[in-house]
Amino acid sequence: MSDLYAHFHPDEHRFVDKVLDWIGRAADHHAVKRTDFLDPRQAFIVQSLASRNGAVNVRLEGGYPDAERKRAIIAPDYRDVEAEDAAIGLLAVGSDDSRFGELEHGDFLGALLGVGIKRDKIGDIHVGDGQCHCLIAGEIIDFVRLHLQQVHRVHVWTETLPLDRLRPVAAALEQLELTVASLRLDGIVSDVYRLSRAKVMQPIKSGRCRVNWKPEEDPSKPLKEGDVVSFQGFGRFRLLEVKGETKKGRIRLKIGKYV
């Protein structure tokens, strides 16, 4: 078991224990587990641990094909996981207030959390075209519909819709180009957010940074194309492209900041 934990960050061990319990109940006690919404790293952990046990099947469902946050269904191998209900509801949020169009993803997430539900009950949030579509755990969507009345001081209306009415909105990326001395995590984070190296070093060491949704406490970790970095309090970005070296030997990067 200690060898198993070596593959995961210490902060992930408690979640690993939960997943092992879910898998054990499915394999040994014929139980079907439907999880809350998982981020991509958590979904990877579920899949990787389930693959070690030939007696269970796993299905990941986020409400639409390109979902980032997904619920997992873990079931005995003789059960058809595709037939199990993932219980994902679609909540549409709108308003007649002209300020509604100024609201952003974080405003809606904050308002949802403000009605008293946990982040784990919320899937992807799509903001655009004068309306917001939120994927919510089906077992609480009626509660949210009744209690969500305001988003950042803007009064809103809500209604539940069938999933086939979802209007996905691709995440907006603000692109910028940087030149860096190396691909070290701390150097790139400091340049993206225009902070000194000293100001990003300690937050990284204290666990406030994630790379591909996994806690990363090593400031010297090299990044690669496609990596998604989140820095608590500042947002997240993706390393879109390593474009080669300048004449002075610095590395040219294309970065996409999530906005």
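Everything here concerns the structure above.
Residues numbered from 1 in each chain as written. Predicted model: local features only at pLDDT ≥ 70, side-chain atom pairs only at ≥ 80, totals over all residues. Heavy atoms only, no water.

1. Observations regarding the sheet that holds strand E9 (residues 157–161)
Right, on to step 1. Overall, antiparallel pairing links the four strands, which are arranged E5-E6-E4-E9 in an open sheet. Taken across any chain shown, the strands that pair with only one partner, and hence form the sheet edges, are strand E5 (122–128) and E9. Each adjacent strand pair in this sheet contributes to an overall mean axis angle of 20°, direction not counted.
Right, on to step 2. Strand contacts of helix H4 (residues 105–114): strand E4 (88–94), E5 and strand E6 (131–137), with the helix running at about 140° to E5, the strand carrying the most contacts. (Pairing = 2+ DSSP bridges. Helix = DSSP H or I, 4+ residues; strand = E, 2+ residues; numbered from the N terminus. Axes fitted to C-alpha atoms, helices over the stretch in contact; angles between N-to-C directions. Contact = heavy atoms within 4.5 Å.)

2. Section: the pairing of strand E14 (residues 235–245)
Right, on to step 1. Note that strand E13 (residues 228–231) and E14 share four bridges and pair antiparallel. Counterpart to Phe 231 in the pairing with E14 is Gly 235.
Right, on to step 2. Between the antiparallel neighbours E13 and E14 lie three residues, among them Gly 233 with a positive phi of about 90°.
Right, on to step 3. In the sheet, E14 pairs with strand E15 (residues 251–258) via six bridges, with the strands oriented antiparallel. Bridging across to E15, Glu 241 finds its partner in Lys 254.
Right, on to step 4. A loop of five residues connects E14 with E15, the two strands running antiparallel in sequence, and Gly 249 in this loop sits at a positive phi of about 85°.

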